[in-house]
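Chain residues, written in single-letter form:
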Amino acid sequence: MAGNYYTPFSVRIPDELLEKVKKLAAMNKRSANKQVEFILERFVTEWEAENGPIAIWDDEA
C-alpha cells in the first residue's frame, strides 16, 4: 500500500452544501475531497488553538 493512504470515510452532505464546496474547490484548484479536508483541518486547528490539543490515542471521547 502507498505511503499516502488515507482511511476512507463517507459522509452525507446536503446537495446545496456539496455544490458550494465544489465551487470553493474549483476556485482554489482543489478536488472537492481536498477542499473538505482543508476545511476540517482548519476547523480542528482553530478549535485546538482555543481549547488545547485533542488527544486522539486515549480512550476518552
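This text follows the structure it describes.
If you're wondering where the values come from, they're calculated on a predicted model, not measured in any experiment.

Student: What exactly am I supposed to notice about the pattern of salt bridges here?
Tutor: Side-chain pairs of opposite charge can arise where the charged atoms are in close proximity. Tallied over the entire structure, the rule returns 3 salt bridges. Residues Lys20 and Glu16 are paired through a salt bridge, measuring 3.5 Å at the closest nitrogen-oxygen approach. Residue Lys20 and its partner Glu16 are located together in helix H1 (residues 15-27), separated by 4 residues, close to a single helical turn. The class of Glu16 is exposed, set by a relative accessible area of 57%. Of the charged contacts, one joins Lys22 and Glu19 as a salt bridge, the two residues approaching to 3.7 Å between their closest N and O atoms. Of this pair, Lys22 and Glu19 both sit in helix H1, 3 residues apart, which is roughly one turn of the helix. Lys22 sits in the partly exposed class, given a relative accessible area of 39%.

Student: Honestly, the packing of aromatic side chains in this entry has me stumped. Any pointers?
Tutor: The description of an aromatic ring pair uses the distance of the two centres, along with the angle that the planes make with each other. All chains considered together, the criterion is met by 0 aromatic pairs. Sitting over the face of the ring of Phe38, Arg30 holds its NZ or CZ atom 4.1 Å from the ring centroid.

Student: Help me understand helix H2 (residues 32-51) in this model?
Tutor: Three or four residues apart is the spacing at which side chains of an α-helix point the same way, because the helix has 3.6 residues per turn. The terminal C-alpha atoms of H2 lie 28 Å apart, and with 20 residues this matches the ideal 28 Å at 1.5 Å per residue to within 8%. Following H2 by one or two positions, Gly52 has its phi on the positive side, about 95 degrees.

Student: How do you make sense of the packing of H1 against H2 when you look at a structure like this?
Tutor: The axes of two packed helices give the description: the angle between them and the distance between them. Interhelical geometry of H1 versus H2 gives an angle of 95 degrees and a closest axis separation of 8 Å. For the element pair H1 / H2, the angle class is roughly perpendicular. Contact with H1, carried on its side by Val21, Lys22, Leu24 and Ala25, involves Ala32, Gln35 and Val36 of H2 and no other residues of that element. Residues belonging to the contact of H1 with H2 are distributed by class as follows: 5 nonpolar, 1 polar and 1 charged.

About the thresholds
Residues numbered from 1 in each chain as written. Predicted model: local features only at pLDDT ≥ 70, side-chain atom pairs only at ≥ 80, totals over all residues. Heavy atoms only, no water. Salt bridge = Lys/Arg side-chain N within 4 Å of Asp/Glu carboxyl O. Helix = DSSP H or I, 4+ residues; strand = E, 2+ residues; numbered from the N terminus. Buried < 20%, exposed > 50% of the residue type's maximum accessible area, 1.4 Å probe, protein only. Phe/Tyr/Trp six-rings, centres within 6.5 Å; stacked < 30°, edge-to-face > 60°. Lys NZ or Arg CZ within 6 Å of the ring centre and 35° of its normal. Expected span 1.5 Å × (residues − 1). Axes fitted to C-alpha atoms, helices over the stretch in contact; angles between N-to-C directions. Parallel < 35°, antiparallel > 145°, perpendicular 65-115°, else oblique. Contact = heavy atoms within 4.5 Å. Nonpolar A, V, L, I, M, F, W, Y, C, P; charged D, E, K, R; others polar.

Everything listed here is a matter of geometry and, on its own, says nothing about what the molecule does.
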